[in-house]
Every structure is written in structure tokens, then in C-alpha cells.
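Chains, contacts and geometry: an overview
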Amino acid sequence: MKIYKLSVAVLFLSGSILYAQETEKDTITKEKKIEGVVIQGNSSKKTETAVLGEQKKAIIQKQAVSAEEISRKGISNVEQGLTKVTGITTVEGRGLFVRGLEERYNYLLINGLGSPSNNPFQKIIALKQFPTDVVGKLNIYKTFNSNLYGDFAGATFDIETLTIDKPFTKVEFGIGVNTLSTFKDGFKVSEGASGMNGYLGLNSEDKKLPSAIRDSRPNNYRFSGNESLSQFKDSWNVDNVKSMPNTSIGFTTVQKTKVGETGNLGILFSLNQSSEYSFKEGAKNQFKDFGGVINLNNDLLRKQYNYEIESSALLGFGYKNKGTQINLNTMFLQNVNNIIEDYYGYKNNQVQNRDIGFFRTNQQDLSRFLNIQLTGSQKLGDRHQIKAGGSYVLNNYQQPDRKIMEGSRQDLNGNNLSDNQLLLTYGGNNIIRQYLDVNSRFYGSAYGEYSVFLGEKGDKKDYPMQLSIGYNGFADLRKTSYRFIFGKPNGTAGQSFIIDKNSPQEKFNQDLANNLFFFQEESDSYKFFTSMYQFVNAGYINFNYKPSESWDFLLGARYENDMTLIRFSQQGDTQKQNKEKNRDLFLPSISIKKALNNKNNLRFAFSKTVTRPVLIETMDIDYINPDNETIRGNPNIENSDNYNFDLKWEYFPTSKEMFSVNLFAKRINNAIERSFVSSGDANGVTVTFYNAKKADLAGIELEGIISLGRISESLNKFTLGANATFMYTDVERSDLQLQLEKPNPDFYKGELRKRGLQGAAPYTINADLKYETKTRNNLSRTFSLVYNVSGSKIYAVGTSGSDNFYEKPFHQLDFVYQEQITKNWNVKAGVQNILNNKYRILLGDKSYYNVETNGINTYTDYFRGINFNLTVGYTF
């Protein structure tokens, strides 16, 4: 346990001044002018050198990102920090991939306690919401140990929060510009989103499900004109604004006081807020089988405007007295993303609308996450230790009043109308309101462990044996509500009319008052609601034996009971169905380390683990997007069983250098994969999820950290770090996948080709070049270039005669400058995404049927723009 471990995720800002100052502890051991940071006691454990030393000594294969490295590389949030680790990369909007495996194969701990996701589309909470300002260290476990949760295949992330060793108060301000988004005229936001209510996320109150139906089962309720005017409070209007620079502000204070003769009490309080404008423009197409020919079902240009506000708060207390440590942390995270998406072109093969087709989505994604943690440990003499912890989490994800409007453009018909004019008709699917609410009724996590140290120390500093017995587990109860309200004409047919697509609310109000159209709910009266109950309880035992200085053995056994109950209804069912999954799991693990000498280690690890799906992958709902792409969960999806092997050689030539080669292999039974299938209603396609029969993976990880002073004395201020993962995967399809993927023999006579695992990248490369020097005041100045890329991987498995869809390599190069100007002032500047590579998902070129798309193979693509950021901090 670290001293005064205080919670993690508060700041959305990120400014890493704290870590910039910690850098000095490692590089200027006699520097006395650094104040307001962790520079004593356990603080040294957060430097890059100390983290490397800890990795060398540990029996388990654990990597870490230190506070110092977080600062040097300009890391502003946990997600960025984890991408600097071997084999880890981030993928647009889908979290972190480890060894090429999708985020569903990862698990998150905060100070050793389980943490749920606040987003049904992701396995773990979006780690970009966790600012690094109060993070002490990011631990990454790539091999399994029995005290970790059994949900493991890629990695388990454990966020250690900051230890409190010296009082300080810090204020930071940040500003950033993006070459695509900043100072853009005509940037579109929902009406009111750019005001104070939108900034604080309070405008979501106007987006709630109307009171007339809020507490009742759907029954095709028809709203009167007066009800429509009074109960739908959120406007369809869109404001055109000039997008401003991205900003962030953060405040953190740490205070420490004596309690009694030997005790200390630390208090940490942080408040942070940031705002970001982003714009993306590119294709959003759809491919479909039309009788043995793959053609474009959608040919769309998408313009996406995002205005995102992140807020966080943290209050933590840490008490220490001799062998006693108690920590109480409360963290709150809120993310509000206001999104306008404009689509131009045609969908559902309506080629005649190629030039005039238009539809808009006006939505807000809102997540709130409150985590209260209490952890503690107690030493009982020299040989015994007890530690325990518990957490209570409230989290909610909403897309309230997601508005979709569809019509025909009028600016291309030679009538000199502006591009804001839209020909609209009440009825059909032209006006839709959607309400998605994924609400956590309860989430609780707990652990308890007793350890006893056996044998005699002799000349050793540590006891040769340690036996640990413990428990950890969680309970997760959630309910999901998904409802639809349509605008309908008051009569047999609606009249077409021209409307300003940015200001339609006044026209809608008039027509509601004149009874020309009305709103009516058309949610399925039974399918609108699902619920999930999951209970995981586990007991484990670990035995660590060190017979000599060179050998280290860790044997573990874990028994885990996993009980999941999903309640859902099929279309038109009068009663809910229960899908119960109850499994008893025995999960063994073994880790062996052999120190060949004081610079070389050889490691071996084996374990059996499981993988549980992402929430959306099991939810029996049809989440409908306006381009008729539906995401459908599969309540019959099964957990995966994983067998993991690792063999690693490490070489530490100096305390700051390291080379390693890691061979790994995995067998994943019932591997979960994302697939595209044709929608049952003959319109559009559906993204859904299936189990493969099994997947085999084999790969190699290479990592090195070297001082370039080895090459030439003139380069002694340069350090090069690089890591790479190369992997081969092979999938054996399940019977259901064979049925879906096998082409119709009337159109294709060949057999299915072999393919790799969906989401698995054949290679991942990360590299950084650091130049560190001293100012005249003997303070640190650092320049870093950071690069990463991952290879082409299957985004979704293709069906109905099409090839798979591939996420193409995205090359990212960042530059970071950081300087401790004085003992109080710190400045950091960075340029992210210097190469401005295009993000692309493409249909592969080996479809089983003929492809007639006029050379178009793009599912989606866009540029992100180049970001320029400046952060200034003052610590006192």
C-alpha cells in the first residue's frame, strides 16, 4: 500500500505540473527548490527509474507508467498514458487495445477495487475522462495472478492514486486549438448547449422523457397539441456559432496535519473542468448484398460537430499511523457530449436521392459517475498483514431526446434557395425522438486479504515465503430503457413544406397548435425495457516462494462464481424471458522468475481466465442509428475461456535502461466477435455479436529503453524508448458464423477463407525520443517526440458474401515541450497528431461476390486535425 493513496480520477484537465516537478526528484537528487509535490518517502517510487526497478524485481509481469513519464510525454489523461506501454494502442471511440485485442478483453481497477463502465458501448469507463493530475502510477498487468479478477485476456489496468507526502496547492490553465475545429464559422451546436446550462450539463433536464409517459409502459400514447408544446421542452433548433479554443482549468490542494503522537492525516481536494470543440467530415457508407452483387446501400457524406464538456471533483482523506493506513476517496466524473451529425447523400439504395438526400441527428451523450472508496491495511507484528476495501458506485448513461429529422435539400433544384432550406413531410421516419437510459441501480465492489510471512529472513531483507488468502467480487445491477416517439400527420397523408433546417421549432409549434401533426410513442410495449443482474464472488490463495536470490515462484488458485441474469422480451411477448448464466470457475495461475544474474531475468507465466462481454453485446435491444445501421445485442452470447502463456527475457544494463523479448500465446474458446449482417426488415445492416468456436493467438513483444550516450558522448542527453508487438491469429468459426459467412453457392462456388480474430492487430509500435537538459537555474527542460501505430485489423466480420471490414493503420506523432521555469511556475506545450493521418475503415478487396460500387470501398473515414496545446501551472 502506498502512503495516503487518494483517489484518482478527478480532473478532467490534465496539466501534469505535479509530475513535472516529480521529474526533478529522479534527475536532480540534490535539488531543493521544488515545492508542492511528492518528493519524499514513497514519492521516489513514481519516477521512471524507480518504476523500472520495481518491474525488474516483481515476480509478476507488470508494466507501469510513472508520474514522471506522464509529465514528460505530455500525458493529460489515463488513456493517453496507457498507450505508451508495449502492445497498447487506443482506437477511435472504442477504448484501449492490448496485444491487438479489443477492449472487451480488458478490466479496470481503481486502487484494487473493481470499477464498472459508465457507457454501455465500452467495457471500462472511458479513461480519457480520468485526468492524470492526482495519479501516482498506472499499473498494467499482462499476466494473470489469482488476486486479480478472472475477467482477463488483454490486460488489467490498476490506477494507483497519488500519495500525499507534502502540502501544496496548484492552479493550472490550459488552452488548445485544432486546425479543423477552432475558429470555424458555422459550427453547429444544439440550441442552448453553448450557454452556461450546457456547459454544466444542466440542459439535459429539458431532454427528459415527457411526464405523460415517463412512469408508464408504452401504449401508443398520442400527445395532444398542448401536451406536445408543454412537455417537449428541448428545441429542434441548431445554433451556428464560431468554435472557440479548447480550454481547461484545474485546482488541486493537498494538506497534511499531525494526529496524535505518530499519526498523520492528509486531505486532497480537486475541481476541474474542460471544454473541447471537434469537427470531422468524411464518408459514412454502407455495403449490402443485392442478389450476389455487393453494392452501396448508403452513399453518405457525414459532417459531425462535437462540443464536449468534462467535469470532475475529488475529495480524499488518508490516515497513517505506524502499521495502520486508511483511505477514503470520493470521485465524481461527468461527461456531456453535444453532437450534431449532418448526412448528405442517399441511404437504403435510394439512388434517386443522391444529390438531395439529407438527414440530421441532434443528440446529447451524458454520463455521470460517482465512486466512493474506503480502503485500509493493518500490520500485525512483523509477519501478518490484513487489508480490505469496498466501493459504492452510482453511474448513469443517457441519450435523452435524440432527435432525427429527414428531408430533401432544396438548394440543388435551381430555385436559388439557400442550403438551409429543407423539404419536409410529417410522417414516415422523418421526425423521430429517441430516449436511451442505462441506469445503474447498484454497483458495489469489495476485497479482503490476509497475508502471513513464513520462514526466516537470514541474510535476506524479506521472508522467503508469503501465503495470502483473500476474497474479491462485485455486484452490478442495471436497467435499460429505450423508447421512440414519432411525429405523425393529422390525417391520411402529410403535406410537404419547406423549412429552415436550423430553425424548425417555430414551424413545429405552429403546426402542433393548429393540429396539423402530433407526436405519438411507438415503442414496443414489452421490448422497451431490459435489465441485467450480475454477481461475481471469488476466493483465492497465493503462495510466493523464494528459495534463493535467483528463483521466485508464485502459485495461485482462484475459485470464481459468476451469476448473470438478463431479463428481456422478444417482439410482442406478453411476458419477460429470463436468460440465466451461472458458472463456477477454477482459475489457476503460475509465475516463475529466474534471475540469471543481477542484470538478466527469465520469466514464465501460465493462467486460465475468462472474458465477459461488453454490456451492449448482451443487451437485447435494437439501437437504431439514422443511417439504418442497427446495433443489436445478443443475450445468448457466452463468456470466453482463455488459456494464456508467456515467456519473457529481460535485460537491465543500467538502472535507466532495459531490453526485453516476450513470447506469448493464447487459446480463446468462444471468442467474441463483432459482425455485420443484413437487417431483418430488409433495410440497412445490423452490427451484432457472435461467439467463434475458438481463436489461437501467438506473438512477440519487443521493448527497449536506451541512452544514446552509448553511441556518442554528444548524445548523452537523448534517450530512446521503443516497443513493438507482432501477432498472428487464427479463428475457427462457430456453426452460426459458418451459416452467416458462407456465401450462397448460386453466386460463389469456392470455400470460406481462413481469417484472423476480429479486432486483433498484426503489429503495434510505440516509440519516443527524449532530450533532457537543465536551465541556468538547474531546473529541468524536456523535449519529447512520441509515435505510435497499429496494423490493419478486422473492425467487423463481413457476411452475405462480403469481405471483412478493416480498420487501417493510423500513424500518430506528437511533440511535447515541458519546462520548470521556476520553483513555482511550470509550462508545457505540445503538438498532437502532427502527421494528421486519415482514419479509415474499408471493405476488404476479397469479397466472395462481385463488388459494383464504382471503386468505393470506404465504410468511414475522416481527419482529426492537428492539436496545439499550452498549459501553464502555478504551485505554491
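Quick caveat, the model's predicted, so the values are computed rather than measured. (Residues numbered from 1 in each chain as written. Predicted model: local features only at pLDDT ≥ 70, side-chain atom pairs only at ≥ 80, totals over all residues. Heavy atoms only, no water.)

1. Describing the overall build of the protein chain
Basically, it comes down to this: A run of DSSP states H or I qualifies as a helix once it reaches four residues; a run of E qualifies as a strand once it reaches two. Both are numbered from the N-terminal end. For this analysis, residues touch if any pair of their heavy atoms sits within 4.5 Å. Per-residue accessibility takes into account occlusion by the displayed protein chains alone, with areas from the Shrake-Rupley method and a 1.4 Å probe.
Within the protein chain one finds 10 helices and 44 strands. For the protein chain, the share of sequence-separated contacts (at least 6 apart) that also reach a separation of at least 24 residues comes to 75%. In the structure as shown, the protein chain presents an accessible area of about 33100 Å², 53% of it carried by carbon and sulfur atoms.

2. Comments concerning helix H8 (residues 505-513)
Inclusion rule: Between buried and exposed lies partly exposed: a residue is buried under 20% and exposed over 50% of the maximum accessible area for its type, with that area taken using a 1.4 Å probe on protein chains only. Think of the arc as the fan of directions from the helix axis to the C-beta atoms.
Those residues of H8 lying buried are Gln-505, Phe-508, Asp-511 and Leu-512. When H8 is viewed along its axis, its buried side chains cluster within an angular range of 130 degrees and face the same direction. Exposed residues lying more than 90 degrees from the buried face of H8 are Glu-506 and Ala-513. On its buried side, H8 packs onto helix H7 (225-231), strand E17 (384-409), strand E18 (421-425), strand E19 (431-454), strand E21 (496-500) and strand E22 (517-521). Positive phi shows up at Asn-515, right after H8, with a value of about 60 degrees.

3. Observations concerning the nonpolar core
Here is the rule we go by: Residues enter a nonpolar core if they are buried and are Ala, Val, Leu, Ile, Met, Phe, Trp, Tyr or Cys, with the set joined through side-chain atoms within 4.5 Å.
Counting residues in each nonpolar core, the largest one holds 40 residues, and the members touching the most others are Leu-436, Ile-621, Phe-676 and Phe-805. Among all residues touching Phe-676, those that are not within four sequence positions of it are Glu-629, Val-685, Thr-686, Val-687, Tyr-795, Ala-796, Val-797, Gly-798, Thr-799, Phe-805 and Tyr-859.

4. A closer look at the packing of aromatic side chains
Worth spelling out the cut-off: Paired rings are identified among Phe, Tyr and Trp, the last through its six-membered ring, by centres lying within 6.5 Å, and are further divided according to the angle between planes into stacked (under 30 degrees), edge-to-face (over 60) and tilted (the rest).
Taken as a whole and judged by the stated rule, the model has 46 aromatic pairs. Taking the centre distance of 4.9 Å and the plane angle of 50 degrees together, the rings of Tyr-426 and Phe-497 count as tilted. Within this pair, whereas Tyr-426 is found in the loop between E18 and E19, its partner Phe-497 is found in strand E21, the two being separated by 71 residues in sequence. Considered together, Tyr-426 and Phe-497 belong to a single accessibility category, that of buried residues. Between Phe-676 and Tyr-795 the ring centres are 6.3 Å apart and the planes differ by 55 degrees, which places this aromatic pair in the tilted class.

5. Examining the pairing of strand E13 (residues 286-289)
Which entries qualify depends on this criterion: Two strands qualify as a pair provided that DSSP identifies no fewer than 2 bridges between them.
With 4 bridges joining them, E13 and strand E14 (residues 293-321) adopt antiparallel strand pairing. Its bridge partner being in E14, Lys-288 is matched across the sheet by Asn-295. The antiparallel hairpin formed by E13 and E14 contains 3 residues in its connecting segment, where Gly-291 sits at a positive phi of about 65 degrees.

6. Digging into the pairing of strand E41 (residues 839-843)
When you tally the buried positions in E41, you get 4 out of 5 residues, the bulk of the element. Of the strand pairs in this sheet, E41 and strand E43 (residues 858-862) are connected by 4 bridges, and their pairing is antiparallel. Within E43, the position partnered with Leu-842 by the bridge is Thr-858.

7. Concerning the sheet that holds strand E31 (residues 672-678)
To be explicit about the condition: Helix axes use the C-alpha atoms of the stretch in contact, all axes being lines fitted to C-alpha atoms, and the angles between their N-to-C directions lie in the range 0 to 180 degrees.
Read across the sheet, 4 strands follow the order E27-E28-E32-E31 without closing on themselves; strand pairing throughout is mixed. Of all the strands in the sheet, the pair left with one neighbour each is strand E27 (622-624) and E31. Neighbour to neighbour, the strand axes of the sheet diverge by 30 degrees on average, direction disregarded. Here strand E28 (residues 629-632) runs beside strand E32 (residues 685-691); their pairing, made up of 3 bridges, is parallel. What sits directly across from Glu-629, in E32, is Val-685.

8. Digging into empty space enclosed by the protein
Where we set the bar: Lining residues are those with an atom within 4 Å of a point, where the points come from a 1 Å grid over the protein atoms alone and group into cavities, where a 1.4 Å probe fits but cannot get out, or pockets, open sets with protein on both sides within 12 Å along at least five of seven lines. Grid points are joined across faces, edges and corners, and a volume is the space filled by probe spheres set on the points.
Tallied over the entire structure, the rule returns 6 cavities of 30 Å³ or more. There is about 130 Å³ of room inside the second largest cavity. Lining the second largest cavity are 15 residues, with Phe-287, Lys-288, Phe-676, Val-685 and Thr-799 sitting closest to its centre. Mapped by element, the contributors of at least two residues to the lining of the second largest cavity are E13 and E31. A per-element tally of the lining of the second largest cavity places E13 first, with 4 residues.

9. Observations regarding the side chain of Gln-505
Residue placement: Gln-505 occurs in helix H8. Among the residues examined, Gln-505 registers a relative accessible area of 15% and is labelled buried. Sequence-distant contacts of Gln-505, that is, excluding residues within four places in its chain, are made with Asp-234, Ser-235, Trp-236 and Asn-237.

10. What about the pattern of salt bridges?
Applicable threshold: Whenever a carboxyl oxygen of Asp or Glu lies within 4 Å of a side-chain nitrogen of Lys or Arg, that contact is scored as a salt bridge.
Applying the stated criterion across every chain yields a total of 40 salt bridges. One salt bridge connects Lys-403 with Asp-234, and the closest N-O pair in it is separated by 2.4 Å. Residue Lys-403 is located in strand E17, and its partner Asp-234 is located in the loop between H7 and strand E10 (238-241); the two are separated by 169 residues in the primary sequence. On the accessibility criterion, Asp-234 (9% relative accessible area) is buried. Salt bridges sharing common partners tie together Lys-207, Asp-234, Asp-401, Lys-403 and Arg-433.

11. Overview of the sheet that holds E41
Sheet architecture is open: 4 strands sit in the order E37-E38-E41-E43, paired in antiparallel fashion. Every other strand in the sheet has two partners, leaving strand E37 (793-796) and E43 as the edge strands with one partner each. Across the sheet, the axes of successive neighbouring strands diverge by a mean angle of 30 degrees, strand direction being ignored. Note: strand E38 (residues 805-807) against E41, 3 bridges, orientation antiparallel. Across the sheet, Glu-807 pairs through a bridge with Ile-841, a residue of E41.

12. Description of the environment of Ile-432
Relative to the helices and strands, Ile-432 is located in strand E19. Ile-432 sits 56 residues away from Lys-488 along the chain, and the two C-alpha atoms are 9.5 Å apart. The residues contacting Ile-432, other than those within four sequence positions of it, are Trp-236, Arg-402, Lys-403, Ile-404, Phe-484, Ile-485 and Phe-486.

13. Some thoughts on the side chain of Arg-558
Counted only if it meets this: Polar contacts, as counted here, are pairs of nitrogen or oxygen atoms within 3.5 Å of one another; within protein the pair requires one atom able to donate a hydrogen and one able to accept it, and residues that are adjacent in sequence qualify only if both atoms are side-chain atoms.
Tracing the chain through its elements places Arg-558 in strand E24 (residues 551-568). For Arg-558, a relative accessible area of 0% gives the class buried. At 2.6 Å, the side chain of Arg-558 forms a polar contact with the side chain of Asn-472. Polar contacts involving the side chain of Arg-558 include one to the side chain of Glu-560, which spans 2.7 Å.

14. Observations regarding the confidence of the model for the protein chain
Note the threshold: Per-residue confidence from the predictor is reported as pLDDT, a score between 0 and 100.
Of all residues in the protein chain, 87% attain a pLDDT of 70 or more, and the chain-wide mean is 85. Counting interchain partners and residues more than four positions distant, the pLDDT-below-50 stretch residues 1-44 has 197 contacts.

15. Some thoughts on unusual backbone geometry
With phi around 60 degrees, Asn-515 is a residue other than glycine that occupies positive phi space. By the element assignment, Asn-515 lies in the loop between H8 and E22. Given the relative accessible area of 42%, Asn-515 is considered partly exposed. The backbone of Asn-670 sits at a positive phi, close to 60 degrees, despite the residue not being glycine.

16. Section: the environment of Glu-580
Inspection of the secondary structure assignment puts Glu-580 in strand E25 (residues 577-595). Glu-580 sits 55 residues away from Pro-635 along the chain, and the two C-alpha atoms are 9.7 Å apart. Glu-580 has contacts with Thr-564 and Leu-565, leaving out every residue within four places of it along the chain.

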